[in-house]
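Reading the structure
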Amino acid sequence: MIYRKKIVAGNWKMNKTQAEARVLVEDILREVGKFDEAEIVLCPPFTALSAVSELLSPVPNVRLGAQNLHEAPSGAYTGEISAGMLRELYVRYVIIGHSERRQFFHEDNATVNRKTKAALAAELRPIVCVGETLPERESGKWKNVLETQLREGFVGFGEKELSDIIIAYEPVWAIGTGKTASPAQAEEAHQWIRQVLSTRFSQNVSERIRIQYGGSVKPENAKELLSKPDIDGALVGGASLDARGFTAIVKNACLP
Ligand code: PGA
C-alpha cells in the first residue's frame, strides 16, 4: 500500500488579528514545531500571513496556507489577492472552493477550476474542498454531488496536476455545526472520491492523492477519524483557533 503522509491544516477563517495570530502560532510551535510525522499547515486570514510567515520561516514542517486567491495574476479586481502576492509571503498552500466561498461568494465548480489552475501555475498547492449539503445527503444524492464537483473542478487536468492537489472532503452539514460525519460515513465518502478519481484519471492518482476530512474535527473525534485508511488528515476550522485543541489533533495524526 502507498504511504500517504498525513496533513493537518488549520483554517482560521475570518479570525485573529496579527497580534493574536503571533500568540497562537508561538503556542502551536511550542507543542508541535519539531514534529515531522505529519505535515502541518496554518491558514490565517490575509492580513496575518506576513506575521505568521516570519514565525514559520525557520520551521520546516509547518507550512503557510491562504484561504482563497483570485484567478488572475493582477488587474482591476478590487479587494482580491493573486497567487503571486501569496508566493511573495512564502505561502505554500491555498484552500480553494470552501463551502463558505461557494455559499456566500457564489463560487461554483468552474471558479474552483480556474482558481486551482492559477494556484498550480504559481506552484501553490491547492487544498480543494468538496462536500454535500444536508438535503443532498438525505436524498441520497451525495455521491453524484461529489462526482460532479470533482469532474467539473478538475476539468482539463491530468495526472501531473492531480499530484500537487490535496482534496478536503467537508460535508457542509458538518461544518461549524458540531455534527461530525461518523468515521464510517467519512471513510465511505473518501473511498468514493478515490473511485471517481480512479475512473476519471488513474488508479495511481487515486492511491496517491491525500484526502483530508473536515467538519467539526475536534481532539475528541480526531483519533478515530484519522485512523481510517482513506482519511489522510484533517482540515480544522473552529478547533484550530485554540493551540491546545489544534495540537491535540496534530498529535492524533502522528499516531502510527
Ligand atoms: P469546523 O470547520 O472545523 O469549524 O467545522 C471546518 C472548515 O470549515 O474547514
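To be clear, the structure that these remarks concern was listed above.
Residues numbered from 1 in each chain as written. Predicted model: local features only at pLDDT ≥ 70, side-chain atom pairs only at ≥ 80, totals over all residues. Heavy atoms only, no water.

All chains considered together, the criterion is met by 14 salt bridges. Its salt-bridge partner being Arg4, residue Asp230 comes within 3.8 Å of it at the nearest N-O pair. With Asp230 in the loop between helix H11 (219-226) and strand E8 (233-236) and Arg4 in the segment before strand E1 (7-11), this residue pair connects regions lying 226 residues apart in the sequence. On the basis of relative accessibility, which here comes to 12%, the residue Arg4 falls in the buried class. (Salt bridge = Lys/Arg side-chain N within 4 Å of Asp/Glu carboxyl O. Helix = DSSP H or I, 4+ residues; strand = E, 2+ residues; numbered from the N terminus. Buried < 20%, exposed > 50% of the residue type's maximum accessible area, 1.4 Å probe, protein only.)

Right, let's get into the environment of Glu88. The topology assignment puts Glu88 in helix H3 (residues 83-88). Judged by relative accessible area, which is 63%, Glu88 ranks as exposed. Separated by 62 residues in the primary sequence, Glu88 and Leu150 place their C-alpha atoms 29 Å from one another.

The topology assignment puts Asn109 in helix H5 (residues 109-121). With relative accessibility at 11%, the residue Asn109 sits in the buried group. Leave out the neighbours within four places in its chain, and Asn109 touches Arg102, Thr148, Gln149, Glu152 and Gly153. (Contact = heavy atoms within 4.5 Å.)

This part is about H5. Under the 1.5 Å per step criterion, the end-to-end length of H5 is 18 Å for 13 residues, consistent within 8% with the ideal 18 Å. Lining the buried residues of H5 we find H3, strand E4 (93-96), helix H4 (99-104), strand E5 (125-130), helix H7 (142-153) and helix H8 (159-162). Structurally, the start of H5 carries an N-cap: the backbone nitrogen of Ala110 is 3.2 Å from a side-chain oxygen of Asp108. Following H5 by one or two positions, Glu123 has its phi on the positive side, about 60 degrees. (Expected span 1.5 Å × (residues − 1). Polar contact = N/O pair within 3.5 Å; in protein donor to acceptor, adjacent residues only side chain to side chain.)

This part covers the sheet that holds strand E7 (residues 210-214). In spatial order, the strands read E1-E2-E3-E4-E5-E6-E7-E8; together these 8 strands close into a barrel with parallel pairing. Pairs of neighbouring strands in the sheet enclose a mean axial angle of 25 degrees, with direction left out of account. Pairing analysis gives 2 bridges linking strand E3 (residues 62-66) to E4, with the strands arranged parallel. Residue pairing in the sheet places Gly65 in a bridge with Tyr93 of E4. (Pairing = 2+ DSSP bridges. Axes fitted to C-alpha atoms, helices over the stretch in contact; angles between N-to-C directions.)

Counted according to the given criterion, the structure contains 2 aromatic pairs. Between the aromatic rings of Phe154 and Phe157, the centroid separation amounts to 5.9 Å while the plane-to-plane angle is 25 degrees, which identifies the pairing as stacked. Arranged with centres 6.2 Å apart and planes meeting at 55 degrees, the rings of Tyr169 and Tyr213 form a pair that is tilted. A residue pair is termed long-range when its members are at least 10 positions apart, and Tyr169 in strand E6 (residues 166-169) and Tyr213 in strand E7 qualify at 44 residues. Arg137 extends its terminal NZ or CZ atom over the ring of Trp142, reaching a point 4.5 Å from the ring centre. Stacked on the ring of Trp192, the Lys or Arg Lys143 has its end atom at 4.9 Å from the ring centre. (Phe/Tyr/Trp six-rings, centres within 6.5 Å; stacked < 30°, edge-to-face > 60°. Lys NZ or Arg CZ within 6 Å of the ring centre and 35° of its normal.)

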